[in-house]
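Architecture at a glance
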Amino acid sequence: MTHKIRYGGDYNPEQWPREVWDEDHRLFTRAGIDTLTVGVFTWSLTQPAPDTYDFTTLDRILDLAADEGRRVCLATGTAAVPPWLARRHPEVNRTDFEGRRHRHGQRHAFCPTSPVYREHATAMASRLAERYAHHPALLAWHINNEYGGSCYCELCAGAFREWLRDRHGTLDALNDAWCTTFWSHRYTSWDQAEPPNALTEHWRGPDHTAFQGITLDYLRFTTDALLGCFLAEKEVIRAHDPDTPVTTNFMGLFRPLDYHRWAPHLDFASWDNYPALDAPPTRPALAHDLMRGLKDGAPFWLMEQTPSTTACRDVNPLRRPGELRLATFQAIAHGADATLYFQLRASRGACEKYHGAVIGHAGRDDTRVFREVASLGRELEALGERTLGARTPARTALLFDWDSWWALEISDGPSRLVKYPDVVHAYYRAAREAGADVDVIPQSADLTPYDVVLAPVLHMVKGDLARRLEAVAARGGTVLTTFLSGRVDEHDRAFLTDVPGPLAPLMGIRVDEWDARPPEFTQTVPELGARARLVFEIVLPRGAEPVAGYGTDFYAGTPAVTRHPFGDGEAWYVATALDQPGTAQVVRRILTRHDLLGPYADQPAVETASRVAPDGTRLLFLLNHATEPAHLTALGTATDLLTGKRMDEGEPLVLDPLGVAILQWIRRPRSSGTPDARKK
Amino acid sequence: MTHKIRYGGDYNPEQWPREVWDEDHRLFTRAGIDTLTVGVFTWSLTQPAPDTYDFTTLDRILDLAADEGRRVCLATGTAAVPPWLARRHPEVNRTDFEGRRHRHGQRHAFCPTSPVYREHATAMASRLAERYAHHPALLAWHINNEYGGSCYCELCAGAFREWLRDRHGTLDALNDAWCTTFWSHRYTSWDQAEPPNALTEHWRGPDHTAFQGITLDYLRFTTDALLGCFLAEKEVIRAHDPDTPVTTNFMGLFRPLDYHRWAPHLDFASWDNYPALDAPPTRPALAHDLMRGLKDGAPFWLMEQTPSTTACRDVNPLRRPGELRLATFQAIAHGADATLYFQLRASRGACEKYHGAVIGHAGRDDTRVFREVASLGRELEALGERTLGARTPARTALLFDWDSWWALEISDGPSRLVKYPDVVHAYYRAAREAGADVDVIPQSADLTPYDVVLAPVLHMVKGDLARRLEAVAARGGTVLTTFLSGRVDEHDRAFLTDVPGPLAPLMGIRVDEWDARPPEFTQTVPELGARARLVFEIVLPRGAEPVAGYGTDFYAGTPAVTRHPFGDGEAWYVATALDQPGTAQVVRRILTRHDLLGPYADQPAVETASRVAPDGTRLLFLLNHATEPAHLTALGTATDLLTGKRMDEGEPLVLDPLGVAILQWIRRPRSSGTPDARKK
Amino acid sequence: MTHKIRYGGDYNPEQWPREVWDEDHRLFTRAGIDTLTVGVFTWSLTQPAPDTYDFTTLDRILDLAADEGRRVCLATGTAAVPPWLARRHPEVNRTDFEGRRHRHGQRHAFCPTSPVYREHATAMASRLAERYAHHPALLAWHINNEYGGSCYCELCAGAFREWLRDRHGTLDALNDAWCTTFWSHRYTSWDQAEPPNALTEHWRGPDHTAFQGITLDYLRFTTDALLGCFLAEKEVIRAHDPDTPVTTNFMGLFRPLDYHRWAPHLDFASWDNYPALDAPPTRPALAHDLMRGLKDGAPFWLMEQTPSTTACRDVNPLRRPGELRLATFQAIAHGADATLYFQLRASRGACEKYHGAVIGHAGRDDTRVFREVASLGRELEALGERTLGARTPARTALLFDWDSWWALEISDGPSRLVKYPDVVHAYYRAAREAGADVDVIPQSADLTPYDVVLAPVLHMVKGDLARRLEAVAARGGTVLTTFLSGRVDEHDRAFLTDVPGPLAPLMGIRVDEWDARPPEFTQTVPELGARARLVFEIVLPRGAEPVAGYGTDFYAGTPAVTRHPFGDGEAWYVATALDQPGTAQVVRRILTRHDLLGPYADQPAVETASRVAPDGTRLLFLLNHATEPAHLTALGTATDLLTGKRMDEGEPLVLDPLGVAILQWIRRPRSSGTPDARKK
């Protein structure tokens, strides 16, 4: 598909005159840009009326790209319906959580079950596929854009009821799954089931529901309904183009959609990376690894990132010099085979006109941002194909489960303040800062490749997961889970056994009660020198041994962290939300047991990432997230692919502030050794 | 009706298989549980279709209870409509404050004026009464559940107009009452009156209204409309069962409903006690006393409390060891003849699955919570009937008035930050921490039994209240009122006289102006060593003498607290929101004058409560709310009913942390004496 | 029209019995009140039914006023529709931003495009004009009241489309103006354009829109639609009364309406002054100057202010002794020829019953507030006509532009935290505290009279403005603009040139990028000893010289403030939100260059304001906003019009706390000299 990391981004020349396009391509060449995402919002242009299609502009865009030697990731453009469609068929517009039918506006506003929408969207996709399947510029299909959102219209209500019938089979099963005897909800007919929104089961927004089971099923239904839209478009594309890979751009840790249900249907994963203002670098890293985990470790595309600033936030800070380069190599280190921008040239109007772009409104190539983009383009050209197709040889897995995320955050009690991604990130960060490569995988994944399985806040336990986790420990591995795990079954019904439910035998504990406290309260955990917050489960060891206990309150001295020998391995339980240092201590003890501490675990600002290229070449990415230089020692003999410099074992290895090295081993270090011994 | 304090709680075995029920009863026996609240949400089970009733499950629940020697508080279950009813008759669902018709969901979602709802609810109540009136397990009727909420549908609009016609008689009277010449609202036909909501008179929610009079009348109308639902069910029950007492569970200081209008129609009061996370113990105590005041001091039922945690809050802390016992005896000290839990066994699913229960999901009897519940059950058994029917011999009354609450909090100006329950609680707390027994009574109550009448923030003054308060002072009593009292008549119209309106002659002051300041501002009141906040009325004494003045600002030196000799008594006016120490000083000076300081007034963490049993036996409850022991001295000769231990006057009396004693006097102390003399 | 400053206020005697009216007038006489605003909310009284008009009450009010020698500002009363009209014609009620049709309630709730509303409103205005055009009490017409708000009904949608057609001419032009190729919005028919609200282009309220151009046009349309209501009423009044001046009361810096579009149609400007709790005195001063600028510097009326407190705020503080007098003379100093109150007597009920009034509910004339009002009335009588018609001889202009306000605050990026009025006020305050008289003018105003033109956050630059600003500098003047200026054209499209767009040649800089940071972050600007916040543009000088630079971050040392010599003058650019001291330094350097520092610039609490009476008399207002005396020195020989006292040059001039002097020069100071030399 390519001989180097694809480089480019969203390109919407339909927004400006033809005469600017040549200048665009001149600047693309200067910047090493080879890939253009085209057509994301061109529907109203390409289909100005129900029976009128006009591909003139798109033809010219693709033809020029081909002439200039560039490739196109072609969008079907169905994420924003044209005004005439919204006006003519009001039912294509969503009915929101408040029960209000919308009218034309914004984007991502189509009802996912509307037959009219589907018919028009697939017609468009079909015509695009027919026309461009064999265009020399075509590189990939990009269906729709950033799928998301929910609809609560009558069509969706009907589709939901069908979905329920498929899933639950009988009304008795539905009543049982949803515990409808609670609050007199027993259904006697399918049409009594209502989409859960502000007019039915919810108050104070989408997280507060009277019936967790109903809301959970609607989240699953919505995932499936939008996936249905994707599949319908993919199907018509495949009718004309059996080969070109198809994707849609995801959004990392995006709560509304269970991407694990989507993953099998994408030819490759791709996602848009807009980390929050003050996020530590492990936040985007977690998202990269989650995205890589979608396709079982195969490389993905970074479909969007901003070269400089976002526009949609209250405060949109600027990427400082070097930050863009560092973030780009971080994506590559975690598995990206393409790194694209939103956007190549700035929009003139509307809500993204101040979103950062490679080329600004003035069209200059002498801005700092353009210079950084172009410099990075040259580096990627020099790097060539050496990272393409590489995979991460992780021995540590982190379970990520949308069902647990949803169930935890829509739960009434014990605490609304526990946020699934925050707890998951704390464990991920601890492992990554200790230097472990981590695969972020669905709960249904094969666990046999891993020595360590981290499963924090695994609120819902389904199928044979408990048994598979037990197998990890039985064969010598380590499993960790935490407070609020093992609480509910697939329908969000409490297990009628001791907490943590099916995980109790593995964990060797029993939890009868738990305290929750306001965010400003902290509890000490003296053995770890750490503090804990939010939720405090009171653990009765039933085979497990205490590792650390609570320091105060009536449950002082009872265990906050336990370890349970299980088979040849161990099971760890963390009964409270430890602070990051406490979390790090627990995770490092586990990693140490398996000799999985990384070579620079004593330098938490230096991120390491291993990759193995298809030819077996082993690469080690070193990313310095600090604004100070990092002084390291080379642990083996290697060449830095970015500089071409060779370094021998034991030599000093200095990373610039925000600096990057990609070491290709000539002679790998024998063992990872201890962190202290490696420190310069 | 019973020989001991009733003990038990909400019991929903329809949620789990029959085979668990026997285990339930085994555990009930272990815990001393004798009373089950049954059927609160069984409507969809007992009436699965318009013409189908099925009482099989309910029969089995009641029969088993009878077999096991337990009694049932039987709910009519009309608080949550079955799905088929909501679907078939959309008008039974409420139209909310935003004007949106809801669909089936949650509970408490029925329109109170819908004839279809009433017809179905009374049909259910009637059939239940017919079937179970003579069932041996039946102890009491529990109509609906936690009535509350408002509807704004066209049916309610029509009913509101009828209600207005009844209340005001003529359109001229309505126009006059609502001051409709303001902002061109003069009505020329009854159908022009609109329910006050977000589409008519309100902005920023239910507290911000353009016409206070309209909103006030809608609050009264809603109280009456929901009361109408209760009365309709009660009427059909009485047709089949003339004797079994009927109640519905209230919610303490619950703003939406004026419980004083309901009280005459209940055979006994009952309520659900869920104090806030950080509430001082006088908060639930105030609610207990308010509930006791509903039926003129007669004992009430504590219908619900959690044995451990709530689930509905953002943060749901755990009741620590001993707290449940202390809270339960507090309820008894304030007049409870029954103390029940929500819930006896935990729900498996939906929004209350993490709500605390006597029996958790694992069904254990070896949890801390079960042990505490069972231990308390044994204590109640041992206590027997000795507190039953006892009454509180209070000489201090606190006026509590829903109209003043509503009027104060929907007022535009002077300050939205003054909250009626907060100010009322401050005075109640001051009196209680000084050891006075307090009756919390409606403004219409007979005031002759009281030496002291506290009437804080009595914003609205109706009928002959001012004259009756004057009579209290005239005969030697003391009356206290505060800032923002005596402002409006029953229609929320300002009195066209000096502030505090009809209370001015009694108070001997005049208030021309008042300042309001942000919450962070505090004003000093040097004579009390106190600080004041929020509202600062500038008082011109007209007969009253200053007690304490403001310390700063242009009104420095003018009185913040005044005392007006009136007849043989006194009238006190507090012109600002004093802090708790300042409030305590004022109230203690008043109580001291009437020798009403309690025996342990110097120990604010030790709550005292007197009760007089039907046989004249006098009991003194001592409740230690501190986590330190309280060292007291016995003031007379008494037996502690909980331990059976006798103590003689002058002996040390030690209360454990969170400890309780119930002293039955053998020889009562002669006088209350001074606090210091009693201190150990 | 008058021989003295008009004094009085809103008077609604229809709310109380006739017998009180004589008492009202007795008190008016005591207070020197000569002007009554009548009829603002009498529609339901004067037209109780579609075909019934009843002016009895209004006749009596006006006749009594005439008999008592008072004059009336007569309102058409069309701001609140009568209930029968709202009920009979639901379409006169607005559909709100959420798409909900309202029912009768509140005020200002009429749809501005409803033909039924217009027909009824103009019928009322016409009858009033016919009846009272020649009434001896009539002084002025007051159309409607505090116009504002928006409607989103189908009628408004239709009117909006007509408005668009008028403005843009063709669909191509519309598509071009709104950049509809972005997000697939290309319109193919006018009826596809939707009003931008929560159901179409908006999320998180009115500031977050997907299409800035659409929202901007709807703000303009709404301005025009409400202006259409005003003009329709004015037209029918003029048919009966060609001479009496017509106004409507504005609200100062009121974002929803572009008052500059209204100004030509008012015979005089008037406005309601309710400064926020903690506003510095330059906040109302800015509003006064904005209102004076509406009619090219002609005097205006202060139509409303509270004599004591507001009621509508969460916290309504009291005007302290002397504050009312100071605020009133501030209004006069800035150009008021009338100072009126809301309200003369307090309403009895509804949401303004606690709003301050000259006469309170008790009807007393011995309150502090009444005494202050009456004392002020005597001062205004003594002052007579000496300030009437005077104008402000400002050499400094501040551009104020609603389009820039709107565009800036609805922008996505770079920062939602930049508030247009706050930045504008900072520059205004700097100039005023330095003693400069300032005209606040529209961007279209003639700039030739000014030495200094301050144009902060001039986000949108239209027409020939850049050229006119260049002309100011070219002839020796100084122009200042700031960050986020010169960004967009009249359709909110980014200029496709270097920032700051058309202002770049004048400013001599180029801005390629900008950082935005959270509110707690501050950046140093060492040369000014100042701090900066929110937005940090990175400036490349292109002819300009740096005045001060950023102290830290990667752009440390780059200019935060620049000065560009241009022709005989200068252009200043401030690239960040400086704190007030920093802003003051910049502005004082500019003013100093033009010898525009005021005589007491070293005393920032002493506000000065110059006025020139029609006969050429020059007045200097001195207003001491401190609660300490201000010790000044007389700079010339003058008489204080308030005391009649003469003072000679060099004599001490002491202003009381909150004190006021109005100096009429006998001999003016030669030059303004330096601040230090003048200090006592």
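Per chain, residues are indexed from 1 in the order of the written sequence. In the order they appear in the text, chains get letters beginning with A and ligands get numbers beginning with 1. For this predicted model, a pLDDT threshold of at least 70 governs which residues receive local features, and a threshold of 80 or more governs which side-chain atom pairs are given and counted, while totals over whole chains, interfaces and linings are taken from all residues. Derived side-chain values reflect all non-hydrogen atoms in the structure, with water molecules and hydrogen atoms excluded from consideration.

Moving on: the relation of the copies chain C and chain B. Least squares is the method for superposing the copies, and the C-alpha atoms it fits come from residues with pLDDT of at least 70 in both. Overlaying chain C with chain B gives an RMSD of 0.0 Å, the required rotation being 120° about an axis along which the chain moves by 0.0 Å. Such a combination of turn and shift is consistent with a three-fold rotation axis. Considering only C-alpha atoms, the residue of chain C closest to the rotation axis is Arg100(C), which sits at 5.5 Å.

Okay, the UniProt feature "domain: Beta-galactosidase trimerisation" (unreviewed entry) in chain A next. UniProt positions are given in the numbering used here, feature names are shortened, and annotations may be inferred rather than shown by experiment. When the UniProt feature table is mapped onto this chain, "domain: Beta-galactosidase trimerisation" (unreviewed entry) is found at residues 394–596 of chain A. In this annotation, residues 394–596 of chain A is assigned 25% helix and 31% strand; the end-to-end C-alpha distance for the span is 10 Å. A helix here means a DSSP run of H or I that spans at least four residues, while a strand means a run of E at least two residues long, and both kinds are numbered starting from the N terminus.

Next up on the list: the interface of chain C and chain A. Chain C puts 58 residues into the contact, and the matching count from chain A is 48 residues. For the pair chain C and chain A, the two sides together bury roughly 4,800 Å², of which 52% comes from carbon and sulfur. Sorting the residues of chain C by area buried against chain A places Trp183(C), Ser184(C) and Leu199(C) first, and these three jointly supply 16% of that buried surface. Salt bridge criterion: a side-chain nitrogen from Lys or Arg within 4 Å of a carboxyl oxygen from Asp or Glu. Across the chain C-chain A interface, the total number found is eleven salt bridges. The partner of Arg100(A) in a salt bridge is Glu98(C), with the nearest N and O atoms 2.4 Å apart. We define a polar contact as two N or O atoms separated by no more than 3.5 Å, with the added condition that, inside protein, one atom must be a possible hydrogen donor and the other a possible acceptor, whereas residues neighbouring each other in sequence contribute only through side-chain atom pairs. Remark: the boundary between chain C and chain A carries 28 residue pairs in polar contact (both at pLDDT 80 or more). The dominant element in the side of chain C that touches chain A, judged by the number of residues it contributes, is strand β14 (residues 509–516) of chain C, at six residues. The contact criterion used is simple: two residues touch if any of their non-hydrogen atoms lie within 4.5 Å. In short, buried area is how much 1.4 Å probe accessible area vanishes from two parts on joining, totalled over both.

Through backbone hydrogen bonds, the strands of a sheet pair up, either in parallel or in antiparallel fashion. All names here are of chain A. Strands are labelled as partners when DSSP assigns at least two bridges between them. Strand order in this open sheet of nine strands is β5-β4-β3-β2-β1-β9-β8-β7-β6, and the pairing throughout is parallel. Looking along the sheet, the strands with just one partner apiece sit at the ends: β5 (246–247) and β6 (249–250). Note: strand β1 (residues 6–11) against strand β9 (residues 336–341), four bridges, orientation parallel. Its bridge partner being in β9, Arg 6 is matched across the sheet by Ala 338. Where helix α3 (residues 56–67) meets the sheet, its contacts fall on β2 (35–38) and β3 (71–75), and the angle it forms with β2 comes to roughly 175°. The sheet contacts of helix α11 (residues 323–333) involve β8 (300–304) and β9, and relative to β9 the element is tilted by about 145°. Note on method: axes are straight lines fitted to C-alpha atoms, helices fitted across the in-contact stretch only, with angles between N-to-C directions ranging 0 to 180 degrees.

In this section: the packing of helix α1 (residues 18–31) of chain B against helix α3 (residues 56–67) of chain B. For any two helices packed against each other, the geometry is given by the interaxial angle and the distance between the axes. Residue and element names in this part refer to chain B. Their axes nearest at 11 Å, the elements α1 and α3 cross at an angle of 25°. Classified by the angle between their axes, α1 and α3 sit roughly parallel to one another. Viewed along their axes, α1 and α3 form a crossing whose handedness is right-handed. The residues of α3 that touch α1, namely those facing Arg 18, Trp 21, Asp 22 and His 25, are Thr 57, Arg 60, Ile 61, Leu 64 and Ala 65. Residues are grouped as follows: Ala, Val, Leu, Ile, Met, Phe, Trp, Tyr, Cys and Pro are nonpolar; Asp, Glu, Lys and Arg are charged; all remaining types, including Gly, are polar. Partitioned by chemical class, the residues of the contact of α1 with α3 number four nonpolar, two polar and three charged. Any angle from 65 to 115 degrees is called roughly perpendicular, while one under 35 is roughly parallel, one over 145 is roughly antiparallel, and all others are oblique. We call a crossing left-handed when the near helix sits turned anticlockwise from the far one by less than a right angle, and right-handed when that turn is clockwise.

Right, let's get into the interface of chain C and chain B. Interfaces are frequently sized by the accessible area removed from exposure as the parts join. Facing 48 residues of chain C, the contacting portion of chain B comprises 58 residues. Around 4,800 Å² of area is buried between chain C and chain B when both sides are counted, 52% of it from carbon and sulfur atoms. The tally of links from chain C across to chain B stands at eleven salt bridges. For Asp498(B), the salt bridge goes to Arg364(C), with nearest N and O atoms at 2.6 Å. For the pair chain C and chain B, the number of links is 28 residue pairs in polar contact (both at pLDDT 80 or more). Broken down by secondary-structure element, the contributors of at least two residues to the side of chain C that touches chain B are α2 (43–46), α4 (83–88) and α12 (368–383) of chain C. Partitioning the side of chain C that touches chain B into residue classes produces 21 nonpolar, twelve polar and 15 charged.

We now examine the pairing of strand β10 (residues 396–399) of chain C. Residues and elements named next belong to chain C. Along β10, one buried face is formed by Thr 396 and Leu 398 and the opposite face, lined by Ala 397 and Leu 399, is buried too. Relative to strand β12 (residues 452–455), β10 is paired through three bridges, and the arrangement is parallel. For Thr 396, the partnering residue across the bridge sits in β12 and is Val 452. Only protein chains enter the accessibility calculation, which uses a 1.4 Å probe; a residue is then buried when its area is under 20% of its type maximum, exposed when over 50%, and partly exposed in between.

Evaluation of the coordinates by the stated rule reveals 176 salt bridges over all chains. In this structure, the salt-bridge partner of Glu513(C) is Arg368(A), at a minimum N-O distance of 2.7 Å. Note that Glu513(C) is positioned in strand β14 and Arg368(A) in helix α12 (residues 368–383), a pairing that runs across two chains. Residues Glu513(C) and Arg368(A) agree in their burial class; the two are buried.

Bringing the packing of aromatic side chains into the picture now. Centres within 6.5 Å are what make two rings of Phe, Tyr or Trp a pair, Trp counting through its six-membered ring; a difference in plane orientation under 30 degrees is then read as stacked, over 60 as edge-to-face, and the rest as tilted. Considering all chains together, one arrives at 114 aromatic pairs over all chains under this definition. Ring geometry for Phe400(A) and Tyr420(A): centres 5.3 Å apart, planes at 75°, overall edge-to-face. You can see Phe400(A) sitting in the loop between β10 (396–399) and α13 (402–409) and its partner Tyr420(A) sitting in helix α14 (residues 420–433), a full 20 residues away along the chain. Taking relative accessible area as the criterion, Tyr420(A) reaches 0% and is therefore assigned buried. The ring of Trp21(B) has Arg60(B) lying over it, and the distance from NZ or CZ to the ring centre is 5.4 Å. Only lysine NZ and arginine CZ atoms are considered, and such an atom sits over a ring when it is within 6 Å of the ring centre and within 35 degrees of the ring normal. The ring of Tyr53(B) has Arg127(B) lying over it, and the distance from NZ or CZ to the ring centre is 3.8 Å.

Among the secondary structure elements, His102(A) is positioned in the loop between α4 (83–88) and α5 (115–132). On the basis of relative accessible area, His102(A) is assigned to the buried category, the value being 17%. Looking at His102(A), its side chain comes within polar contact range of the main-chain oxygen of Leu199(C), at 3.3 Å. Beyond its immediate sequence surroundings of up to four residues, His102(A) is in contact with Asn93(A), Arg94(A), Asp96(A), Ala198(C), Leu199(C) and Thr200(C).

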